[in-house]
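# Overview (structure and organization)
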Amino acid sequence: MESSLLPRGQSFGALQGKAPIRCGATAARRFARGESEETLEVTQSGRPLCSLSDKWKRRDSFGMFDGYDSCSEDTSSSSSSEESEEEVAPLPSNLPIIKNNGQVYTYPDGKSGMATCEMCGMVGVRDAFYSKTKRFCSVSCSRSYSSNSKKASILARLQVTGKPPTKKAKVLQKQPLVAKLAAYAQYQATLQNQAKTKAAVSMEGFSWGNYINSNSFIAAPVTCFKHAPMGTCWGDISENVRVEVPNTDCSLPTKVFWIAGIVKLAGYNALLRYEGFENDSGLDFWCNICGSDIHPVGWCAASGKPLVPPRTIQHKYTNWKAFLVKRLTGAKTLPPDFSQKVSESMQYPFKPCMRVEVVDKRHLCRTRVAVVESVIGGRLRLVYEESEDRTDDFWCHMHSPLIHHIGWSRSIGHRFKRSDITKKQDGHFDTPPHLFAKVKEVDQSGEWFKEGMKLEAIDPLNLSTICVATIRKVLADGFLMIGIDGSEAADGSDWFCYHATSPSIFPVGFCEINMIELTPPRGYTKLPFKWFDYLRETGSIAAPVKLFNKDVPNHGFRVGMKLEAVDLMEPRLICVATVTRIIHRLLRIHFDGWEEEYDQWVDCESPDLYPVGWCQLTGYQLQPPASQSSRESQSGSSKQKKKAKSQQYKGHKKMTTLQLKEELIDGEDYNFLQGASDQESNGSANFYIKQEP
């Protein structure tokens, strides 16, 4: 998806399908200064389009609030066609007034460009309203208003106290728009004060914006996460892209907008600066670019929303329209269908009550039936079918290799725990097989993996380590059962299943080539560990290098990038994390604030990695970085439980991994090349192993 380019010489109204409006420069300047009462002719292709008197009666192609810079203090406010016979209450003294170059401007009234529908309360362009009196936004509102039952609801809406309509409320309903807006502003200010008081207690927490700004961090771009919303259609959204956002530096009672530019991008989050602030970062703010309040330039004009410059800088320019034309001609903005793309990318096919087969978290060698309890951002909370209180659950992404369709285990020969429940509960149904992630098809008819072959594999019970491992069983469709040497249970209950194309298994020698710590078998005393010696001693052979997945995508990750990552030892948790090493397609993920022993090796295309701002976008809870005090206070907390969990099948303390030492290699005895380390490697990776002397 490409960002929309605003062509030179074209207005934003034209971008939205509206014809550009041009006017004589001299006449426009005289009109803006109020030096002439004559009518200003606005033309297109030499033909008059409309006549504007000393007050503009519509927004321009930018959606600018024309009354903002044309209504003087002396401009009288016109009432509606049905003026109340009762005395109209005076405007509150605290009604915001904008001062500019000695001139005072108040809100435009119903005849100065804006109007409010007396039925639904919508504020919009007056000339676009229905009927001569401009009291309603549409025919349906006009007809609904004539209904007596609807009149009662209108009066109730106007009564801000929530009590039954009073005589005062009826008067307010017939007051001019400026009085209504003033009353509404006072009501909104009260609500905002209440919200701030409440937020002061509950909003204390982690902020990605502050965390990145204070440490000058860089976040991984959204394009690195193909499984995340907008991951495949992010386009060239980058710094200097312009958007329309709510103007928070404004005292108007209605929601108004202004144009801002992206100063810095961090995942979904963008640091924005209002147009007109130049190098002043005083009002810069972070927001999620996929949020509902972020729009492409031109959206206000198309939607009838006002553009109002921030109060702090409104005195800097007398002609804001000319300023915007100059600043935005040729600039980039979001694609017009950006919000639609965001919404579509957050639609997930998995639904509650779907049944799946998922790994048994207590016995990795088998699968069990579980039911989808909830779906958040594509992440599934699965409850094992036999859980009566529905607390025995498991979290994973819908594209996780740990979940499969019903019947998968039987089809490939995988161990499966039969459920005590003989028939499906009401409302539960099997998930269609096509919804699951597809694995690459392999040819097992030729040279293939065999039982007893040695390899290196990420330990699923201690993801910070890569261990010496053995293929214990070859299943159908390219799946393998693998065990960690030296710590296997006699009954094979701690075997785990990886596909032959899995990025979590490696040929013999991979760790030494890439200077990664290799964990030797438990109890192996001949250190430092040497693969050739071990193969000779055990009478084993190494799995052929050509059988492993050597594809390395152009993933875009760099060392030091920030992201949000699942703690796979506690998969319900998503934490602030950092990429600390990159070996081909393998990433070392560090959880900020925690010791390195909790790091995890993860594939660059893992569905358990997310851009900065993903939790905020989807409503998932993000775990902030752990402070020194919190780490000390959690000696018996989930992190310690996680450490114990990684050892429950081993029955011993975690063995200290072997640190491989650098050695001089004799070129005559080895065909051995150094692989990529701590940097990105694109294209096919070549794995090499030492040749037996």
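The structure presented is a predicted model; accordingly, all values stated were derived computationally and were not measured.

## Notes on the environment of G509
One can find G509 in the loop between β27 (505–506) and α12 (510–513). For G509, a relative accessible area of 10% translates into the label buried. For the pair G509 and L455, spaced 54 residues apart in sequence, the C-alpha separation works out to 8.5 Å. In this structure G509 touches E456 and W531, once residues within four positions along its chain are discounted.

## Re the pattern of salt bridges
Applying the stated rule across the entire model yields 29 salt bridges. Each of D360, K361, R362, R366, R368, E386, D392 and K417 takes part in one network of salt bridges that share partners.

## Some details on unusual backbone geometry
Residues L527 and P528 are joined by a peptide bond in cis, for which omega reads 0 degrees. A positive phi is found at S216, a non-glycine position, where the angle reads about 55 degrees. With respect to the helices and strands, S216 occurs in the loop between α7 (208–215) and β9 (218–219). Unusually for a residue other than glycine, D477 sits at a positive phi of about 60 degrees. When you line up the elements, D477 lands in the loop between β24 (466–474) and β25 (479–484).

## Here we look at the side chain of E456
Among the structural elements, E456 can be located in strand β23 (residues 454–458). Among the polar contacts made by the side chain of E456, one reaches the main-chain amide nitrogen of G509 at a distance of 3.0 Å. Those residues in contact with E456, other than ones at most four positions away along the chain, are I466, C467, S504, I505, F506, P507, V508, G509, F510, C511, L518 and W531.

## Here we look at helix α9 (residues 320–328)
Buried within α9 we find W320, K321, F323, L324 and L328. The buried residues of α9 all sit within an arc of 160 degrees when viewed along its axis, so they share a single face. If you check the start of α9, you find a side-chain oxygen 3.2 Å away from the backbone N of K321, and it comes from N319.

## A look at α7
Those residues of α7 that fall on the buried side of the exposure criterion are W208, G209, Y211 and I212. Looking straight down α7, one finds that the buried residues subtend no more than 165 degrees of arc, so they occupy a single side. What points out from α7, more than 90 degrees from its buried face, is the exposed set N210 and S214. Where α7 is buried, its residues touch β11 (257–266), β12 (269–274), β13 (285–288), β30 (561–566), β31 (574–584) and β35 (622–623). Of the residues one or two after α7, S216 is the one with positive phi, at around 55 degrees.

## Examining the side chain of R581
Relative to the assigned elements, R581 resides in strand β31. From its side chain, R581 meets the backbone oxygen of M515 in a polar contact 3.2 Å long.

Conventions used here
Residues numbered from 1 in each chain as written. Predicted model: local features only at pLDDT ≥ 70, side-chain atom pairs only at ≥ 80, totals over all residues. Heavy atoms only, no water. Helix = DSSP H or I, 4+ residues; strand = E, 2+ residues; numbered from the N terminus. Buried < 20%, exposed > 50% of the residue type's maximum accessible area, 1.4 Å probe, protein only. Contact = heavy atoms within 4.5 Å. Salt bridge = Lys/Arg side-chain N within 4 Å of Asp/Glu carboxyl O. Polar contact = N/O pair within 3.5 Å; in protein donor to acceptor, adjacent residues only side chain to side chain. Arc of directions from axis to C-beta.

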